[in-house]
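Structural description and commentary
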Amino acid sequence: MIKEQLLKRSPIRVLEKSLDGGLKAGGLGLLTANRGLGKTACLVHLATDVLLRNENVMHVSFADDPHHIVSWYEEVFNEIAKLYKLEHATDVHEELIRHRLILHFRNKQIDFAEIKKNIEQLISASEKPVSLFIVDGLPLDALNENLLSQWHEFVSSGNAAVWFAAAMSDEQHQQYLQTGSLPDPSVQRAFDVIIVLEPAQEYIDLRLLKSPAPIDQHLRLKLDPKTLLISNHRV
């Protein structure tokens, strides 16, 4: 299969349709769950879809161990190439790498001004603007209205979007299960799209908690733990 066909058949198109076109420029999206349920895998699949369109992606990591980030991208690309029998996969991979930028911070409490400064230094040498930012490795507690407002202003000015992955504590997860909402209403309001990952018997269920479009109750997105790819099925 050639790359253009792969993009057309990607389950990410189904997600975009359910989000009335997907996460738009200036938009903030959140993937949240307990630790270890595949938030990073989902983000990397979303990022790889953008990279396959030859658009720039910056992965901003606050993970304790940043060495696995590149491995995540390699693993997800290899699974996509294998699943879709991608033609000229080596050439596509080489092109994809040129559009991928990775930035790591050890300090999860760093001011946004410092984050922005480092991002701007890294992208100053790039010929193309960043279309999508991925922010990974922060706990849900670290997100607040002020921080998200600064991210919104920043990505809006660059005509980009940003997906966050943030881990819930057990207490926060219990609160979500009881109320169907995030613990902090101001954080929930700040996001345009929120997806919660929940373990099912043989896969991880991706449940839309917030969307710019009416939520399709018949839509089921899932993360396959074997391939680390998002897929979809209807119930």
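Described in the following lines is the structure provided in the data block.

1. What about the pairing of strand S2 (residues 56–61)?
- Counted residue by residue, S2 has six buried out of six residues, so it is predominantly covered.
- Residue alternation in S2 divides its side chains into two sets, Asn56, Met58 and Val60 and Val57, His59 and Ser61, and both sets are buried.
- Where S2 lies against strand S4 (residues 130–139), six bridges are found, and the strand directions are parallel. Looking across to S4, one finds that Val60 is bridged to Val135.
- As defined by bridge partners, S2 adjoins strand S3 (residues 100–104) across five bridges and the pair is classed as parallel. By the bridge assignment for S3, Met58 is matched with Leu101.

2. Some remarks on the environment of Lys128
- Considering the arrangement of structural elements, one finds Lys128 in the loop between helix H6 (112–123) and S4.
- Among the residues examined, Lys128 registers a relative accessible area of 37% and is labelled partly exposed.
- Considering only alpha carbons, one finds Lys128 and Asn56, 72 residues apart in sequence, at a separation of 6.9 Å.
- Contacts of Lys128, omitting those with residues within four sequence positions, involve Asn54, Glu55, Asn56 and His99.

3. Some details on the side chain of Ser10
- Within the secondary structure, Ser10 is located in the loop between helix H1 (3–9) and helix H2 (11–18).
- Not counting residues within four places of it along the chain, the set of residues in contact with Ser10 comprises His45, Asp49 and Tyr84.

4. Let's talk about the side chain of Lys3
- Positionally, Lys3 belongs in helix H1.
- Buried within the structure, Lys3 lacks any salt-bridge partner; its nearest side chain of opposite charge belongs to Glu4, at an N-O separation of 5.0 Å.
- Of note is the side chain of Lys3, whose polar atom sits 3.2 Å from the backbone oxygen of Leu52.
- Contact partners of Lys3, with chain neighbours within four places excluded, come to Leu52, Asn54, Leu86 and Val92.

5. Structural notes on the packing of aromatic side chains
- Within the structure shown, the criterion is met by eight aromatic pairs.
- On the basis of an interplanar angle of 75° and a centroid distance of 6.1 Å, the ring pair of Trp151 and Phe154 is categorised as edge-to-face. Of this pair, Trp151 and Phe154 both sit in helix H7 (residues 145–157), separated by three residues, roughly a single helical turn. Pair check on accessibility: Trp151 and Phe154 agree, each one buried.
- A ring pair is formed by Phe164 and Phe191, whose centres lie 5.7 Å apart and whose planes are at 80°; its orientation type is edge-to-face. Taken together, the residues span a long stretch of sequence, with Phe164 in strand S5 (residues 161–167) and Phe191 in the loop between helix H9 (185–190) and strand S6 (193–199) at a distance of 27 residues. Taken as a pair, Phe164 and Phe191 share a single burial class, namely buried.
- Three or more aromatic residues joined by ring pairs form one cluster here, namely Phe112, Phe133, Trp151, Phe154, Phe164 and Phe191.
- In this arrangement the basic side chain of Lys222 is found over the ring face of Tyr203, its NZ or CZ atom lying 4.9 Å from the centre.

6. What to know about the nonpolar core
- Grouped together as the largest cluster of nonpolar side chains are 46 residues, with contacts concentrated most on Trp163 and Ile195.
- Counting residues per element, this core draws most heavily on helix H3 (residues 39–51), which supplies eight residues.
- Not counting the four nearest positions on each side in its chain, Trp163 is found in contact with Leu23, Gly29, Leu30, Leu31, Leu43, Leu46, Leu132, Phe133, Ile134, Val135, Val193 and Ile195.
- Grouped together as the second largest cluster of nonpolar side chains are 34 residues, Met58, Phe133, Val155 and Ala160 included.

Definitions and limits used
Residues numbered from 1 in each chain as written. Predicted model: local features only at pLDDT ≥ 70, side-chain atom pairs only at ≥ 80, totals over all residues. Heavy atoms only, no water. Buried < 20%, exposed > 50% of the residue type's maximum accessible area, 1.4 Å probe, protein only. Helix = DSSP H or I, 4+ residues; strand = E, 2+ residues; numbered from the N terminus. Pairing = 2+ DSSP bridges. Contact = heavy atoms within 4.5 Å. Lys, Arg positive; Asp, Glu negative; His and termini not counted. Salt bridge = Lys/Arg side-chain N within 4 Å of Asp/Glu carboxyl O. Polar contact = N/O pair within 3.5 Å; in protein donor to acceptor, adjacent residues only side chain to side chain. Phe/Tyr/Trp six-rings, centres within 6.5 Å; stacked < 30°, edge-to-face > 60°. Lys NZ or Arg CZ within 6 Å of the ring centre and 35° of its normal. Core = buried A, V, L, I, M, F, W, Y, C linked by side-chain atoms within 4.5 Å.

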